Amino acid sequence: MSLRRPYKNQPEKFEFNSDSLKAAQLIIEKYPKGKQQSAVMALLYIAQKQNDNWIPLAAMKYIAKFLSMPYIKVYEVATFYTMYNLAPVGKYFVQVCTTTPCMIRGAYNLVEACKEKISENENELSKNKECSWMEVECLGACVNAPMLQINDDYYEDLDKEKTLKILDEILSGKKPKPGSYRGRLNNEPENNRKTLLDVKNA
Amino acid sequence: MLKLKVNNIEIEVEEGLTVLQACEKAGVEIPRFCYHEKLSIAGNCRMCLVEMEKSPKPIASCAMPVAEGMNIKTNTKFVEKARKGVMEFLLANHPLDCPVCDQGGECDLQDQSMFYGIDKSRYKENKRSVPEKNMGPLIKTQMTRCIHCTRCVRFATEVAGVPELGAIGRGEDMQITTYLEQSMQSELSANVVDLCPVGALTSKPYVFEARPWELKKTETIDVMDAIGSNIRVDTYGWEVKRVLPRINEDINEEWISDKTRYACDGLLNQRLDTPYIKYNKKFEKASWSEVYEIIKSKLQNTDKEKICGITGDLTNMDTLYVFKEFFNKTLGSNNIESRSDHTYLNADKRENYLFNSSINGIENSDFIFLIGSNPRYEATILNARIRKAYLQNRMQIVSLNDVGDLTYPYKSLNGEIQKIKDITDGNHEISSLITNAKRPMIIFGQSVFKSHNARFIFETLKSYLIKKGKISNEWNSLNIISDNASTVGSFDLGIYKTNDGSNEVLKNLENHKYEIVYLLGQDNLKFEKQNEFIIYQGSHGDKGAEIADIILPGAAYTEQNGYYTNLEGKLQKAYKASYPPGDAKEDWQIINELAEIMNHRKLFNDKEELDSSLTNQINLLIEKNNMKDFSQIDNTDFTKEILKVNHIDYYYSNVIARASKTMFECKNSKINFKSTGTEG
């Protein structure tokens, strides 16, 4: 299954709900009149968020009409950027970072956990159709490697067991607590600070 | 003016040009794929790299504006290396399938890789393959060959005004496609075939037909509409293989419509290749002398007032002229007509049926008012010019009727004829738009002349324009989009019979007042045959031949030399590219021979005599016309009516198009087309 080309079974209709509509209006207001097309990327992202992390063709059409631009232009943008998913990825979209720092700290253990819990292959929906996973490049949280991202939240300082637990919770419909799983606050040093001890607010 | 050096030649160029254009002025050729004069600059093929002094990297000359004191070099090792490098990348994913590619022999990539490329590839990996795309019945795609120059995308968006093509994906996955692979909804779509520098987009009807070097090329004039686009006809033996545009900046620039390009396969089908006589409702083959004798006896035994001739939509002026001479001199009759409908005609002055502002003039216009016209179908190239002018000047465009998507925005009124009255009385906002505009254009479509109030609409608006000084020597705002390629030529030669503008011959014909009807390539008549004896002379077995009693096989526009006057009144000569099939003859010859049999005297000894007599006639007409003033017609009666714009069966408008398989497919694809929303 490729996320880069439109999915076979497309929903017939798409419309922004009231929250999305508000968010879209806010974005469009940022641009001068007649240049509302500039909002296309933000609107595609809003559509993706509303529609369980993927953009159907109906949404592209809807946005094209919304911004009065040709369909093909929206289609071009949607197929260009890799963070737009053009096929269903489930309500919970798991992205495992496997770039060097995470890889060295055992990112492939996380990948194994995903394979066990979610699906054999990347970009494949789990049995309950609610979740899928994929390997991604650096998510910018190297200090807390290895880590993965589920929808908008980061889950950091993981190993295979912790990942399995998180995935279990997700598959049973609960939302696990985001952040470090070794009890750190953000990316503070483990076992207290060791440098700049004389600076109060460092 | 800016001074710069190109390969140590000093040149002066205007500001705003690009380095590539400056190099061309200096006579230095720069290879390019994505750059095209008529399209916006993309700068993505990188083939035009040149060296600029003080720049560490080569520059893309097509996208770099010229500056004072630049020192450009195009013949250094540095440039050569850059070109070779770019060429190697372009060829990395290009299949070297030139032997089976239709573009072979006229391919920019092929030519330029011979010139600027290297002789072998260092690329050992697998080449990418891209699935073929569906772009409708005219364009065949082989997207593996695509080098992503995006010329087609820019053409569709900018010139054709149908933003349906685009580049999806990125990097190696990039593909050019139409939205969800629907066919392109434009009458100019096939121009992307010419624009494509490689064999990615090729002509579907022409697929594997011939190689460019085997074809005989004839530069001639198109007759599918009144524009008179300049074309090149490529023939292989008798067959017309394809039609390509020729550059004429005053008329069609570089583009031709799909009908012009692809109706040519209709020249091979349904052809009349031998004379026929109808016995007991069945056509039987006959010889020329037989049919001539029958026609002679019929014509001689009929009152000359009971004979009429109606000329067709594709007939050239030479033929029309002979036909007129035949009727006037040999038969002594005036009953000849070129209009196949009840259209209004005021031929007092030539300006009354011409597109007076000229096609080039559209670009200087600051206000356009369309009346009863859908220029997209009536004159596709002209519509493209209006779009071009709109993009340049953003002038206001108003149409009396809502005619759907014209590829540019316009304001539409409801079509009431009362509105014309209001405008000429100065009681409508458009009155001030017309009077305030320096160069307004009022464009009348054929639907105006076919309506009952044609006389009112045309004459009152014309006198309004004269009163407001909008028809003068500097600028003539009166524009008529003529129906067919031969319309203006016929009127110039006086092939009409009218007192008050109505079509008298057609009226009498419908009342069955004629005994003999001579149809010269006329297939668009809607009339019920009773006892008339019908002679049909033409190239195709269509509606005209069907009702005929005698068929004289003539030649099509690619098979005879002849003049055509386009809607602006420009006289252009079409040249013979092929010859008539079988026993068919050139049209002027048939009539000339008939005259000889009737009167023992030819009308013209040869084609030269005919041509010189014709051009004299036309020059005389123009001279006379310039002396005349517009006649005043003050008849302002009108009935309340909503002007309707007649539906135009674009792909089926003449005999050649009706005989063409490609046009049939185009028509079908249009019917099957599901609305996407981009249309307006």
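Above this text sits the structure in question.
The sections below set out a description of the structure shown in this document. In this text the structure is predicted, and so the values were computed from the model without any measurement.

1. So, the overall build of chain A
No. 1: Within chain A, the regular secondary structure consists of seven helices and five strands.
No. 2: Along its sequence from the N terminus, chain A presents helices and strands in the succession α-α-α-α-β-α-α-β-β-β-α-β.
No. 3: Burial status across chain A gives 45% buried among its 202 residues.
No. 4: A fraction of 64% describes how many contacts in chain A between residues 6 or more apart in sequence connect residues 24 or more apart.
No. 5: A total accessible area of about 11500 Å² is found for chain A, and carbon and sulfur atoms account for 51% of it.

2. Here we look at the sheet that holds strand β11 (residues 230–236) of chain B
Residue and element names in this part refer to chain B.
No. 1: Here we have three strands laid out as an open sheet, ordered β10-β11-β12, and antiparallel in their pairing. In this open sheet, the two strands that pair with only one neighbour each are β10 (216–221) and β12 (239–245). Between one strand and the next, the sheet's axes are offset by a mean angle of 30°, whatever the strand orientation.
No. 2: Pairing between β11 and β12: six bridges, direction antiparallel. Bridge pairing in β12 links Y236 to E239.

3. Considerations on the sheet that holds strand β13 (residues 276–279) of chain B
Picture the strands of a sheet paired through backbone hydrogen bonds; they go either parallel or antiparallel.
Residues and elements named next belong to chain B.
No. 1: Spatially, seven strands are ordered β14-β13-β24-β23-β22-β15-β16 in an open sheet, and the strand pairing comes out mixed. The two strands at the open ends of the sheet, each matched to only one other strand, are β14 (282–285) and β16 (336–337).
No. 2: With five bridges joining them, strand β15 (residues 307–311) and strand β22 (residues 516–520) adopt parallel strand pairing. Its bridge partner being in β22, T311 is matched across the sheet by L520.
No. 3: Helix-sheet contacts for helix α8 (residues 317–331) involve β15, β16 and β22, and the interaxial angle to β15 is about 170°.

4. Some words on empty space enclosed by the protein
Residue and element names in this part refer to chain B.
No. 1: Per the stated rule, a full pass over the model turns up seven cavities of 30 Å³ or more.
No. 2: Its boundaries defined by the atoms lining it, the largest cavity holds a volume of some 180 Å³.
No. 3: Of all elements in the fold, only β23 (533–538) and α20 (655–658) reach the threshold of two or more residues within the lining of the largest cavity.
No. 4: Here the lining of the largest cavity is built from residues that sort into nine nonpolar, seven polar and three charged.
No. 5: One number sums up the size of the second largest cavity: a volume of about 120 Å³.
No. 6: Lining of the second largest cavity is provided by 15 residues; of these, P137, L138, M184, Y651 and S669 occupy positions nearest its centre.
No. 7: Of the residues belonging to the lining of the second largest cavity, the class tally is seven nonpolar, six polar and two charged.

5. With respect to the packing of aromatic side chains
No. 1: Enumeration over the complete set of coordinates arrives at 29 aromatic pairs over all chains.
No. 2: Considering the side-chain rings of Y321 of chain B and F604 of chain B, the 5.7 Å spacing of their centres and the 40° angle between planes classify their relative orientation as tilted. Here F604 of chain B lies in the loop between α18 (587–599) and α19 (607–627) and Y321 of chain B lies in helix α8, a separation of 283 residues in the sequence. We note that Y321 of chain B, like F604 of chain B, is buried.
No. 3: Between F323 of chain B and F327 of chain B, the aromatic rings sit 5.0 Å apart at their centres with planes inclined by 50°, giving tilted as the arrangement. Of this pair, F323 of chain B and F327 of chain B both sit in helix α8, four residues apart, which is roughly one turn of that helix. One exposure class covers both F323 of chain B and F327 of chain B, and it is buried.
No. 4: Through successive ring pairs, a cluster of aromatic residues spans F14, F16, Y62 and F66 of chain A.
No. 5: Across the ring face of Y650 of chain B, the terminal group of K259 of chain B is positioned such that the distance to the ring centre comes to 4.6 Å.
No. 6: Positioned over the ring face of F630 of chain B is K349 of chain B, at 5.5 Å from the centre of the ring.

6. A word on the pairing of strand β8 (residues 175–178) of chain B
Residues and elements named next belong to chain B.
No. 1: On β8, burial covers both faces: Q175 and T177 on one face and I176 and T178 on the other are all buried.
No. 2: Judged from the four bridges that link them, strand β7 (residues 165–168) and β8 form a sheet pairing that is antiparallel. The residue bridging G166 from the neighbouring strand is T177, located in β8.
No. 3: Counting the residues in the hairpin turn of β7 and β8 gives six residues, including G169, whose phi is positive at 75°.

7. Points about the interface of chain B and chain A
No. 1: Listed per partner, the contact involves 19 residues of chain B and 13 residues of chain A.
No. 2: In total, about 1400 Å² of surface goes out of reach between chain B and chain A, with carbon and sulfur atoms giving 64% of it.
No. 3: Of all residues in chain B, I168, R170 and Y179 of chain B bury the most surface against chain A, accounting for 45% of the area lost on that side.
No. 4: Along the contact surface separating chain B from chain A lie zero salt bridges.
No. 5: If you look at where chain B meets chain A, you find four residue pairs in polar contact (both at pLDDT 80 or more).
No. 6: Of all the elements in the fold, those that place two or more residues in the side of chain B that touches chain A are α4 (151–160), β7 and β8 of chain B.
No. 7: No other element matches β7 of chain B, which puts four residues into the side of chain B that touches chain A.

Cut-offs and rules
Residues numbered from 1 in each chain as written. Chains lettered and ligands numbered in written order. Predicted model: local features only at pLDDT ≥ 70, side-chain atom pairs only at ≥ 80, totals over all residues. Heavy atoms only, no water. Helix = DSSP H or I, 4+ residues; strand = E, 2+ residues; numbered from the N terminus. Buried < 20%, exposed > 50% of the residue type's maximum accessible area, 1.4 Å probe, protein only. Contact = heavy atoms within 4.5 Å. Areas by Shrake-Rupley, 256 points an atom, 1.4 Å probe, with all protein chains shown as cover. Pairing = 2+ DSSP bridges. Axes fitted to C-alpha atoms, helices over the stretch in contact; angles between N-to-C directions. 1 Å grid on protein atoms, 1.4 Å probe; cavity = no way out; pocket = protein on both sides within 12 Å on 5 of 7 lines; lining within 4 Å. Points joined across faces, edges and corners; volume = space filled by probe spheres on them. Nonpolar A, V, L, I, M, F, W, Y, C, P; charged D, E, K, R; others polar. Phe/Tyr/Trp six-rings, centres within 6.5 Å; stacked < 30°, edge-to-face > 60°. Lys NZ or Arg CZ within 6 Å of the ring centre and 35° of its normal. Buried area = accessible area lost by both parts, 1.4 Å probe. Salt bridge = Lys/Arg side-chain N within 4 Å of Asp/Glu carboxyl O. Polar contact = N/O pair within 3.5 Å; in protein donor to acceptor, adjacent residues only side chain to side chain.

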